[in-house]
Amino acid sequence: MIMLDRKKAPEFKQVDNIHFLDVVKTTLDNGIEFNYINGGSQDIVKIDFIFDAGNLYQKNPLIASSTNQLIKEGTENYTALEISEGIDLYGAFFEVENSYDTATLTLYTLTKHLTNVLPFVKEVILRPSFSETEFEIYKNNAIERFKINLEKVSFIARKNFMSAIFEENHPYGSNVEIVDYENLQITDIKNFYKENYNLNNCRILASGKVDKTVVSILNTAFGEEKVSPKQPNKESITSKLKEGSFHYTKKENALQSAIRIGRIFPNKLHKDYYGLQILNTVLGGYFGSRLMANIREDKGYTYGIGSGIMSLKNAGYFFISTEVGSDVTKDALTEIYKEIEILRTEEIPTEELDLVKNYLLGQLLKSCDGPFSMGAMFENVHEYGLDYSFYNNYIKTIKEITPKALLALGVKYFDKSDLTEIVAGKI
Amino acid sequence: MINFEKFTLENGLTVIVHKDESTPIVAFNLLYDVGARDEDESQTGFAHLFEHLMFGGSVNIPNFDEPLQKVGGTNNAFTSNDITNYYITLPKENLETAFWLDSDRMLSLAFTNKSLEVQRSVVIEEFKQNYLNQPYGDVWLLLRPLAYKNHPYKWATIGKEISHIENATMDDVKAFFHKHYTPNNAILAVAGDIETEEIKTLSEKWFKSIPSGKTFERSLPKEPQQTEERRLEVKRDVPANAIYKAYHMCSKTHVDYHTTDLLSDVLSLGKSSRLYTSLVKEQKLFSEINAFISGSHDEGLFTITGKLLDGVSFGIAEEAILQEIQLIKKEIIGEDELTKVKNKIESTAQFSETSVLNKAMNLSFAELLGDANDVNIEVSNYQRVTAKGINRIANQILNETNCSTLIYAKSK
């Protein structure tokens, strides 16, 4: 018998072939954009109704998210309770989500119950009533939740970060205060709905068991509605890079400080985006990243630290985020900047870069696993007018990019004077 | 339906294999039958601290994460009061790397002082981040010892206090490893586009030579029947008053478990549930309200909790909860209400089966509790629940003499 050599790693292969499930791009009879991915072995379906109705389009803070939350709370023909009962009875889930750019209403259901629950979804989208009573309940409870969040250093840091990196009054960076809740008016919400939740501003994405029957059920429900001509693309608001700044919110008795460091960054439409994703992974984008290795696994300052790049329609941003012991806040900051500086001064060793490349390809393979994941992958590029070729180019960049090219990106994008630093807690 | 095959190695390691041809990803889930309930009362938080140390290098491999990331994989772990569970997902071509890594740390850890020192600090930061530096973060540190007097569920997985973690020594770490991290105390489940024969070969190659350990006999003190109402009131620097009511309930393997679970769903699952409709929407007493079960292996807790709106007194808020309890104890729930929560179970199960990792985890958990095949009868166990049964459980457990109430008041 051959002795097992436990010190030697088994042979492995780099992921070379990622299969993208095909998306069918079509429209309903009345022209509503309808895309779907048919796959998976369960008789279940997920349907997203996506509107360009995120924070980007609001004139005052909280309007977009409040509209999104309240849309389910009663319609012309049903009370809020009747809607949730109607959907719950069939074991379906109907969720709303508001983001910086879009507002999404998502239905998860067993395929066999689709026809039972769709009428409620349709009511919610076409005829929400936004009653005064529901508005008051929503507002009061939202204020309570907000007050609790304000006790969390991580929440304070995130909130202050967005308003610090974006120009004043930019909808991405609106710094919400309790008074904004108090100033909310139901008429603003109704107007926001009218302007932004039109069917001509909606695209439908279905994934899961989307066979002919499902397509026809959706067409019957939504394809016969009158739709006015598509609105021209809304004006884009540009975001310029601001000079870095420092903001400190002191919280007495805080055992930990939340730290956010970052800046405005290119989004998916920019040629540097791929390379920056790879560079970000090296810095703080996975468990073995440099920030984790140094600040958690070597120093033990934190339970976790990470960094990321958020791509938005009209901007992007880069951020590092962590919560560290109050007594080591300064030391942690020093170490974070040390790691950032290394991105600008030293080429990434080949072995480390190879590891990151393999890791990213493995994660991409996982992100394409199954129709629901693939649906998200599709939408994540489709909203920028891109298609799957975005991922093929990403794969190509991962395989080909050199330490030298990444160093150049480090120099270009990680200048300390461009970085904004937020601390909430106790230094 | 989750089809699977099962075999046991000579050293006692149970291996479960589930084939799913639809995915290029393999899930590798290794469960150890040890949790915070197996700790000594003077050394709480140890099972969880140990979980961290499992990533600090093993006898032949200095770093666990690096080689895994290098083959495109990712992993994590969690500890509960009952179990410690380690899981990996990776491209199926590189599956052997998971066998290599996890068998080596079952064989023996590196036990370096550096790892112990660093992970001790990391866990203390975790303690602060999740339990001490969050509004309402210490609730379970208060509620557990109120509800449990004897059973080790009286402490949280993170531990009773930071000093227990500070005082852990390398000798403690080694003793814990030898006692609990043996092949006969573990269950491995692998799910993906794989063949049982292939998994058999890999299991034998990597795990067979690990000697079995002494069988660990669990004998935990039984929690005596609670006979008197218990109350605790604390003041904290939080923006809203909150109330927690924890009632003792059956164990996870008890025949009444599914009925008890559905009782909590009837009360609080979704916006059409009883508590939300009545207490948040109609009476406007709470900003949020919830009912849930702990799902623990031994006798667990059925908890009702809510945050009070400004200006609502604890007396009125608690009375309103008790009214709802009275109602569900008095009247049998309607058929629609029962169908609703059963349908939610059915669809949740369907959606959960889209992930190989969920399937691998569920197979391991079910095997530990008796039989992996129970994953396939779980939904029908819920289907069998009756409205009368829910009424019976409500009357059996939702009594104040069976309840620990925590009044969590704002200090300002």
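Residues numbered from 1 in each chain as written. Chains lettered and ligands numbered in written order. Predicted model: local features only at pLDDT ≥ 70, side-chain atom pairs only at ≥ 80, totals over all residues.

Engineer: Explain the overall build of chain B residue by residue, including any values.
Structural biologist: When helices and strands are tallied, chain B shows 15 helices and eleven strands. A compact globule built from 412 residues would reach a C-alpha radius of gyration of about 22 Å, and chain B, at 23 Å, matches this within 12%. Oriented by its inertia axes, the alpha-carbon framework of chain B measures out at about 65 × 45 × 35 Å. Classification of the 412 residues of chain B by burial places 49% in the buried group. Sequence-distant contacts in chain B: of pairs separated by 6 or more residues, those separated by 24 or more amount to 79%. (Helix = DSSP H or I, 4+ residues; strand = E, 2+ residues; numbered from the N terminus. Rg over C-alpha atoms; globule rule 2.2 N^0.38 Å. Buried ≥ 20, exposed ≤ 12 C-beta atoms within 10 Å, placed from the backbone. Contact = placed C-beta atoms within 7 Å.)

Engineer: Report on the overall build of chain A, specifying residues and quantitative values.
Structural biologist: On a plain count of helices and strands, chain A comes out with 15 helices and eleven strands. For chain A, whose C-alpha radius of gyration is 24 Å, the value lies close to the compact-globule estimate of 22 Å for 427 residues. Counting the 427 residues in chain A, one finds 46% classified as buried. In chain A, the proportion of contacts linking residues at least 24 apart, taken out of those at least 6 apart, comes to 81%.

Engineer: Give a detailed account of the interface of chain A and chain B, specifying residues and quantitative values.
Structural biologist: Contacts between the two partners involve 58 residues from chain A, matched on the other side by 60 residues from chain B. Of all the secondary-structure elements, those providing two or more residues to the side of chain A that touches chain B are helix 2 (80–88), strand 5 (103–110), helix 4 (132–149), strand 9 (302–311), strand 10 (316–325) and helix 12 (350–367) of chain A. In terms of residue count, the dominant contributor to the side of chain A that touches chain B is helix 12 of chain A (eight residues). Within the side of chain A that touches chain B, the residues separate by chemical class into 25 nonpolar, 17 polar and 16 charged. (Nonpolar A, V, L, I, M, F, W, Y, C, P; charged D, E, K, R; others polar.)

Engineer: Talk me through the sheet that holds strand 6 (residues 202–208) of chain A; I want residue IDs and the actual numbers.
Structural biologist: Reading across from one edge, 1-2-6-3-5-4 (chain A) is the order of the six strands in this open sheet, with mixed pairing throughout. Edge positions in the open sheet fall to strand 1 (24–27) and strand 4 (93–98) of chain A, since each of these has one partner strand only. Each adjacent strand pair in this sheet contributes to an overall mean axis angle of 20°, direction not counted. On top of the sheet, helix 3 (residues 114–126) of chain A reaches strand 3 (44–51), strand 4 and strand 5 of chain A; it is set at about 165° to strand 5 of chain A, its chief contact. Across the sheet, helix 12 (residues 335–352) of chain B is in contact with strand 3 and strand 5 of chain A; its angle to strand 5 of chain A comes to roughly 105°. (Pairing = 2+ DSSP bridges. Axes fitted to C-alpha atoms, helices over the stretch in contact; angles between N-to-C directions.)

Engineer: How would you sum up the packing of helix 2 of chain A against helix 3 of chain A? Please name residues and give values.
Structural biologist: All names here are of chain A. In the contact formed by helix 2 and helix 3, the axes pass within 8 Å of each other and the chain directions differ by 150°. The way helix 2 lies across helix 3 gives a crossing that is left-handed. Contacts between helix 2 and helix 3 pair Ile83, Gly86 and Ile87 from the former with Val117, Phe120 and Val124 from the latter. (Left-handed = near helix turned anticlockwise from the far one by under 90°.)

Engineer: Break down the packing of helix 9 (residues 273–284) of chain A against helix 15 (residues 403–413) of chain A for me, citing the residues and quoting the values.
Structural biologist: All names here are of chain A. Running from N to C, helix 9 and helix 15 point in directions that differ by 90°, and their axes come no closer than 10 Å. Here helix 9 is positioned roughly perpendicular relative to helix 15, judged by the angle of their axes. Here Gly275, Leu276, Ile278 and Leu279 of helix 9 come into contact with helix 15, specifically with Ala405, Leu406, Leu409, Gly410 and Tyr413. (Parallel < 35°, antiparallel > 145°, perpendicular 65-115°, else oblique.)

Engineer: Residue-level account of the environment of Lys190(A), with values.
Structural biologist: Assignment of secondary structure puts Lys190(A) in helix 7 (residues 186–196). As for Lys190(A) and Phe155(A), which are separated by 35 residues in sequence, their C-alpha atoms are 29 Å apart.

Engineer: Which residues make up the environment of Val215(A), and what are the values?
Structural biologist: Among the structural elements, Val215(A) can be located in helix 8 (residues 212–222). Sequence-distant contacts of Val215(A), defined by excluding residues within four places in its chain, comprise Tyr36(A) and Val210(A).

Engineer: I'd love a proper account of the sheet that holds strand 9 of chain A, names of residues and values included.
Structural biologist: All names here are of chain A. One open sheet accounts for five strands, arranged 7-11-8-10-9; its pairing is mixed. Each having just a single partner strand, strand 7 (246–250) and strand 9 make up the two edges of the open sheet. Shown here is a sheet whose adjacent strand axes are inclined to one another by a mean of 10°, direction ignored. With eight bridges connecting them, strand 9 and strand 10 associate as antiparallel partners.

Engineer: A description of the pairing of strand 11 (residues 403–410) of chain B should follow, citing residues and the corresponding values.
Structural biologist: Bridging between strand 7 (residues 230–236) of chain B and strand 11 of chain B involves seven bridges; their strand directions are parallel. When the sheet's bridge partners are listed, Arg230(B) is paired in strand 11 of chain B with Ser404(B).

Engineer: How would you sum up unusual backbone geometry? Please name residues and give values.
Structural biologist: With a phi close to 45°, Phe130(A) is a non-glycine residue in the positive phi region. Relative to the assigned elements, Phe130(A) resides in the loop between helix 3 and helix 4.

Engineer: Kindly report on helix 3 (residues 95–107) of chain B, identifying the contributing residues and their values.
Structural biologist: Residues and elements named next belong to chain B. The end-to-end C-alpha separation of helix 3 is 19 Å, in line with the 18 Å expected for 13 residues at 1.5 Å each. With eleven of 13 residues buried, helix 3 lies mostly within the body of the structure. When we look at burial in helix 3, the residues that qualify are Leu95, Thr97, Ala98, Phe99, Trp100, Leu101, Asp102, Ser103, Asp104, Arg105 and Met106. Where helix 3 is buried, its residues meet strand 3 (25–32), helix 2 (65–70), strand 5 (84–91), strand 6 (186–192) and helix 8 (196–207). (Expected span 1.5 Å × (residues − 1).)

Engineer: A description of the environment of His254(B) should follow, citing residues and the corresponding values.
Structural biologist: All names here are of chain B. Residue placement: histidine 254 occurs in the loop between strand 8 (242–248) and helix 9 (257–268). Under the C-beta neighbour-count criterion, histidine 254 is labelled partly exposed, with 13 such atoms within 10 Å. Taking the C-alpha atoms as reference points, histidine 254 and aspartate 298, separated by 44 residues in sequence, lie 9.3 Å from one another.

Engineer: Break down helix 10 (residues 274–282) of chain B for me, citing the residues and quoting the values.
Structural biologist: Residue and element names in this part refer to chain B. Buried within helix 10 are the following residues: Leu275, Tyr276, Leu279 and Val280. Seen end-on, helix 10 carries its buried residues on one side only, within an arc spanning 105°. For helix 10, the secondary structure elements touched by its buried residues are helix 9, strand 9 (286–293), strand 10 (301–308) and helix 11 (314–330). One or two residues past the end of helix 10 sits lysine 284, with phi positive at roughly 55°. (Arc of directions from axis to C-beta.)

Engineer: Summarise the nonpolar core; cite the residues concerned and give the values.
Structural biologist: Judged by nonpolar contacts, the single largest core of 232 residues is most densely connected at Val117(A), Ile204(A), Val26(B) and Val190(B). With residues near it in sequence (within four places) discarded, Val190(B) still touches Val17(B), Val26(B), Phe28(B), Ile199(B) and Ala360(B). (Core = buried A, V, L, I, M, F, W, Y, C linked by C-beta atoms within 7 Å.)

Engineer: Which residues make up the confidence of the model for chain B, and what are the values?
Structural biologist: Per-residue pLDDT for chain B averages 97, and the proportion of residues at 70 or more is 100%. Two summary scores accompany this predicted model of the complex, namely pTM at 0.96 and ipTM at 0.94. (pLDDT = per-residue confidence, 0-100.)

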